[in-house]
Each structure stands twice: as C-alpha cells, then as structure tokens.
Amino acid sequence: MSSTQDRLRQLIAEHLDLGRDPDFDAKLGDSGVSSVDAVAFFKEVNQAFSLSLEPEDCLQFGTLRELVTYIDARAG
Amino acid sequence: MFHVDLTPHADREAYAFSLLDDEEKARWHRFPVPAPRRRFALCRAALRANLAERLACSNDRLSFGYGEYGKPHALVDGRRTPAGFNVSHCGRHGLIVFASNDRIGIDVAERNPRRDLDGIGSMVYGPTERRLLALAAGSRKVHLFFRLWSMKEALIKALGSGFSLNPSRFEVPAAMLEGARSSEFRFPHAPSNCWHLIDLGEHRFAAAFAYRIPDPDGA
C-alpha cells in the first residue's frame, strides 16, 4: 500500500463518516458522503498534499484510487 | 414539494426497495453502509410514486436518465419526459420538488457545527460571502455557513451543473445576504436567464429552493 493511500485513509478516518474502511476502488458517487463533507475532505487533501484542487477539479476523480494516482503523479 | 420521512423502518424500506428497477437496486447495493441505502431507496421510491401519478404511467414503465453532470431526469418507456423534479436529503429528512420543467433545484443541510467553516467556505464562497462568514462567530457562523451552502447548492442543482460550476464564481443575491428570504438571481456567466431563489431554512436545518423564471415568451 502506498504512503499516499495511507495518508488518505487517515484523512478519511478523521474527516469522513463512512461507517467502514474505505474502498479505494468504489465509485465516490456511491459513497453516501454529503457534498459539504466532500468539499471539506478535498480541502484537507489540498492541505495534506500541497495541492490547490478546486471543487470542479474533484469531479475528475471517479474513485479514491484515481485520486491516489493523481497525487502520486504530481509528486513525480 | 414533498417531505420524505427517512427514519429507519424495515418494512417501509423493504417496500421502497421493491419499487426500484434493476439499475437502482444495483446502486443500492453499492452503497457501503445502511444509511445511504435507506435514504436512496425511500427518496427514490417516493419520487417514483409521485412521478408515476403525474405522468399517468405504471411504476415499471418509469426509469431515469442522467445529464452530463449527473442530474437525473424521468423516462417513460425509455423516452425522456418534460417532468422536472429535484431531490435532497439530510439526516432523516428528504425533500422532493416537482415542476413542469427540470430547471429546479433544492437542497437541505443540517446546521452541524464543524471545524474550519472559513476554510471550507474559501473553496465555495465568493468574496462578499467569505467576508460575512469571517465576521460571524459561534452559532451565527454555523447558521450563515449552511444558509449560504443550501442556497448555492440549490442554484447549481437547478442549473444542472453541479460542482462543475465552482460555487465561488457567483454569490447569492445581495438582498439575501442581508437577510431577505427570497430574491431573483442571475448567474454571471449566463445573465439572460433569471432564477428565483427561496430560503426555506429554519433553526436546525438550512434549505433552499431555486427555479428558473420563464422568459416572457415562455421559453
């Protein structure tokens, strides 16, 4: 498991009430997370990984795995 | 406008599930835990019952298609209908609105205190909205944050854009920032279309409803 995935798992545990361990391959749209929580989570992701994702940017991530891939690619 | 009781109730949930089509049942299964499954099944079943009556069709002829940004629309026998609706839910409350076209949006959100409202607001609110939020404190900040949130989300849902339109790129009408409960509104990027925005909030829940005002020629 990548360090990015570990860090995201930690952020999810702290900021999203998923009710269970996150499935990184599940569709984010099927997570049941509210829009307020989703925006709050991406704000934390921005801070944790020094990103500047806007709300509209977040629509590109169908799954948490795709977010991991994006972050790792940015870290190069 | 309809209220849907989302209180856990095994029999109601089982009946609601029975009204869903195969695609909806598959989506129900993809939700990881019971709460979003319950919200989805009860709201979708209530939506189905109302649409079937309005469109004079049986439930099994009804299905849903989705716009580019995920806004659903009703299909009867696979063909799109002009019936407009929008759904929002929060906690144990679901709200459904209906109209003769799909330019409507509704949002409901519980005013739960949470960390860093200014930080979240910096992602979705415009300059005036952020300034007002920064000036508020305590329960007034919570109240204002969710009031702004519900109004802006109702507008982007009515537009059908979802968050593809960054909510910080527009601000709710000045009159509503000053406390008015309703006002006309125009998106800066499409000022020719006029919308009506209504604040439906009460002490515990913020809620808002937006719809497009028809042009004089009926468009």
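**Overview of helix α3 (residues 64–75) of chain A**
Residues that lie three or four places apart on an α-helix share one face, since the helix turns once every 3.6 residues. All names here are of chain A. Under the 1.5 Å per step criterion, the end-to-end length of α3 is 17 Å for 12 residues, consistent within 8% with the ideal 16 Å. Here α3 has its buried residues at L64, L67, V68 and I71. Projection of α3 onto a plane perpendicular to its axis shows the buried side chains occupying an angular sector of 100°, all on one side. Set apart from the buried face of α3 by more than 90 degrees, the exposed residues are T69 and A73. In this fold, the buried residues of α3 make contact with α1 (3–15) and α2 (35–49). In the stretch just after α3, G76 is the one whose phi turns positive, near 55°.

**Observations concerning the interface of chain A and chain B**
Many analyses report the size of an interface as the accessible area lost when the parts associate. The interface is formed by 23 residues belonging to chain A together with 23 residues belonging to chain B. Taken together, both faces of the contact between chain A and chain B bury some 1,900 Å²; the carbon and sulfur share is 59%. Of all residues in chain A, D30(A), V36(A) and K43(A) bury the most surface against chain B, accounting for 30% of the area lost on that side. Counting the contacts that link chain A with chain B gives 5 salt bridges. Among the salt bridges present, the one from D30(A) reaches R30(B), with a minimum N-O distance of 2.6 Å. The tally of links between chain A and chain B comes to 11 residue pairs in polar contact (both at pLDDT 80 or more). No other element matches α2(A), which puts 9 residues into the side of chain A that touches chain B. Classifying every residue of the side of chain A that touches chain B gives 8 nonpolar, 8 polar and 7 charged.

**Description of α1(A)**
Residues and elements named next belong to chain A. An ideal rise of 1.5 Å per residue puts 18 Å on 13 residues; α1 measures up with 18 Å between its terminal C-alpha atoms. Among the residues making up α1, those that are buried are T4, Q5, L8, R9, L11, I12 and H15. Down the axis of α1, the sector holding all buried residues measures 165°, keeping them to one side. Turned more than 90 degrees off the buried face of α1, the exposed positions are S3 and A13. Check the buried side of α1 and you find it contacts α2 and α3.

**Focus on the layout of surface pockets**
Residues and elements named next belong to chain B. A volume near 250 Å³ is recorded for the second largest pocket. Taken together, 15 residues form the lining of the second largest pocket, with R140, H143, L144, R147 and L177 sitting closest to its centre. Those elements giving two or more residues to the lining of the second largest pocket turn out to be α5 (127–135) and α6 (138–159). At 4 residues, the largest contribution of residues to the lining of the second largest pocket is made by α6.

**So, empty space enclosed by the protein**
Residues and elements named next belong to chain B. Counted according to the given criterion, the structure contains 1 cavity of 30 Å³ or more. Approximately 40 Å³ is the volume attributed to the largest cavity. Forming the boundary of the largest cavity are V124, W149, K152, E153, I156, F163 and P167. Ranked by residues supplied to the lining of the largest cavity, first place goes to α6 with 4 residues. For the lining of the largest cavity, the residue count by class is 5 nonpolar, no polar and 2 charged.

**A short note on the packing of aromatic side chains**
Centre distance and the angle of the planes are the two values used to describe a pair of aromatic rings. The final tally for this structure, using the stated rule, is 16 aromatic pairs over all chains. Note on F42(A) and F61(A): the rings are 6.1 Å apart at their centroids and 15° apart in plane angle, and the pair reads as stacked. Remark: F61(A) occurs in the loop between α2 and α3 and F42(A) occurs in helix α2; sequence separation between them is 19 residues. F61(A) carries the same exposure label as F42(A), and that label is buried. For the ring pair F187(B) and W195(B), a centre distance of 5.8 Å and an interplane angle of 85° mean the geometry is edge-to-face. Three or more aromatic residues joined by ring pairs make a cluster, and in this case those are Y125(B), F145(B), F146(B), W149(B) and F163(B). A cation sits over an aromatic face here: R37(B) above W28(B), 4.7 Å from the ring centre. In this structure, K152(B) packs its charged tip against the face of F170(B), placed 4.6 Å from the ring centre.

**A closer look at the domain arrangement of chain B**
The domain architecture assigned to chain B consists of domain 1 (7–82) and domain 2 (106–212). Here the C-alpha centre of domain 2 of chain B lies 28 Å away from the C-alpha centre of domain 1 of chain B.

**Overview of the sheet that holds strand β6 (residues 93–99) of chain B**
All names here are of chain B. Judged by pairing direction, the sheet is antiparallel, and its 3 strands sit side by side in the order β1-β6-β5 without closing on themselves. Looking at the sheet topology across the chains shown, the edges are occupied by β1 (2–5) and β5 (84–90). Averaged over neighbouring strand pairs, the angle between their axes works out to 20° when direction is ignored. Pairing geometry for β5 and β6, over 7 bridges, is antiparallel. Paired with N86 across the strands is V97, a residue of β6. Against the sheet, helix α3 (residues 34–54) contacts β1, β5 and β6, and its axis sits at roughly 25° relative to β6.

The rules we used
Residues numbered from 1 in each chain as written. Chains lettered and ligands numbered in written order. Predicted model: local features only at pLDDT ≥ 70, side-chain atom pairs only at ≥ 80, totals over all residues. Heavy atoms only, no water. Helix = DSSP H or I, 4+ residues; strand = E, 2+ residues; numbered from the N terminus. Expected span 1.5 Å × (residues − 1). Buried < 20%, exposed > 50% of the residue type's maximum accessible area, 1.4 Å probe, protein only. Arc of directions from axis to C-beta. Contact = heavy atoms within 4.5 Å. Buried area = accessible area lost by both parts, 1.4 Å probe. Salt bridge = Lys/Arg side-chain N within 4 Å of Asp/Glu carboxyl O. Polar contact = N/O pair within 3.5 Å; in protein donor to acceptor, adjacent residues only side chain to side chain. Nonpolar A, V, L, I, M, F, W, Y, C, P; charged D, E, K, R; others polar. 1 Å grid on protein atoms, 1.4 Å probe; cavity = no way out; pocket = protein on both sides within 12 Å on 5 of 7 lines; lining within 4 Å. Points joined across faces, edges and corners; volume = space filled by probe spheres on them. Phe/Tyr/Trp six-rings, centres within 6.5 Å; stacked < 30°, edge-to-face > 60°. Lys NZ or Arg CZ within 6 Å of the ring centre and 35° of its normal. Domains from an automatic or database assignment. Pairing = 2+ DSSP bridges. Axes fitted to C-alpha atoms, helices over the stretch in contact; angles between N-to-C directions.

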